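Spelled out from the first residue to the last, the chains are:
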Amino acid sequence: MIAGSGKASGIALVISDVDGTLVTGDKRLTEATVTAVRRLRAAGIGFSIASARPPIGLRNLVAELELDLPMGAFNGASVVRPDLSTIEERTIPEAAARSALDRLLAEGLDVWVFAEGAWWLRDPEGPYTDLERRTIGAEPRVVADLGPLMGSAAKIVGVSRDHAHLAACEARIGAALAGQATIHRSQKYYLDVTPPHLDKGRFVTWMSAHLAIPPERIATFGDAGNDRPMFAQSGFSVAMGNAEAAVKAAARAVTDSNDADGFAHGVERFLLP
């Protein structure tokens, strides 16, 4: 079911989250989604993505969607070109990164670190590692100690199959590191730690300035808590049907789920003339 406040007008740019939004639960782009992006472009509306993924995890999307605008990786902490070259990237301050690592481990979470262009972890058979391999198309590097990476970490992820526990960790660690790092769940099973004061909302404002498109002419799509800052900085926002209630409440409209072509339906219902 699609709900909302009618069709947006004057939209010049669409920025979409990826996992839980643009791709299905098994990480596929459907033909309807690919067609929707083509129809946006044909209507003169630009399209880009903002994702918690590392830049390497965006490569297949660039090819399949023929992306030609800068993209936000690491929840907006990194901005890259379609060839994945870096426009700008920030890392987590080392003291905050070490504190985050200690807190995530103390909570009993599996921990991943994205640093120096690679994905690092201690347990290659840990929860969701196979999913991440498929998602980003890369193999992790296994180390006994993640500590030496804390001076160059772009993203640290706490991973757990206990979704309620991870939600509680988000609140506790977010409060403890307020102002020192950005703490958001990008999925029910991933708790992301990224550089402070940088999020998907900041990527929206960066794109607004870069392309000289006013924020009110930008539409955003998302499903998770890390998409809410993006909603707040755009003129029209669409939550996926699979989103949590708080995410839906933060959006201007709600579309179908990511496994029911919700992005394509939202584009058709709310954006295309």
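See the structure printed just above.
Residues numbered from 1 in each chain as written. Predicted model: local features only at pLDDT ≥ 70, side-chain atom pairs only at ≥ 80, totals over all residues. Heavy atoms only, no water.

One open sheet accounts for 6 strands, arranged β8-β7-β6-β9-β11-β10; its pairing is mixed. Edge positions in the sheet fall to β8 (141-142) and β10 (182-187), since each of these pairs with one other strand and no more. Bridge count for strand β7 (residues 118-121) against β8 is 2 bridges, and the pairing is parallel. Counted as the bridge partner of Leu121 is Val142 from β8. (Pairing = 2+ DSSP bridges. Helix = DSSP H or I, 4+ residues; strand = E, 2+ residues; numbered from the N terminus.)

What follows deals with helix α9 (residues 262-271). Of all 10 residues in α9, 7 are buried; the element is thus mostly enclosed. All of the buried residues along α9 are Gly262, Phe263, Ala264, Gly266, Val267, Phe270 and Leu271. (Buried < 20%, exposed > 50% of the residue type's maximum accessible area, 1.4 Å probe, protein only.)

With antiparallel pairing, the 3 strands of this open sheet are ordered in space as β3-β4-β5. Across the chains shown, the open sheet's two edge strands, defined by having one partner strand only, are β3 (71-73) and β5 (86-89). The average undirected angle you get between the axes of adjacent strands in this sheet is 20°. Relative to strand β4 (residues 78-80), β3 runs antiparallel, the two being bridged by 3 bridges. The partner of Met71 across the bridge, within β4, is Val80. (Axes fitted to C-alpha atoms, helices over the stretch in contact; angles between N-to-C directions.)

Bear in mind that shape data such as this cannot, by itself, settle questions of function.
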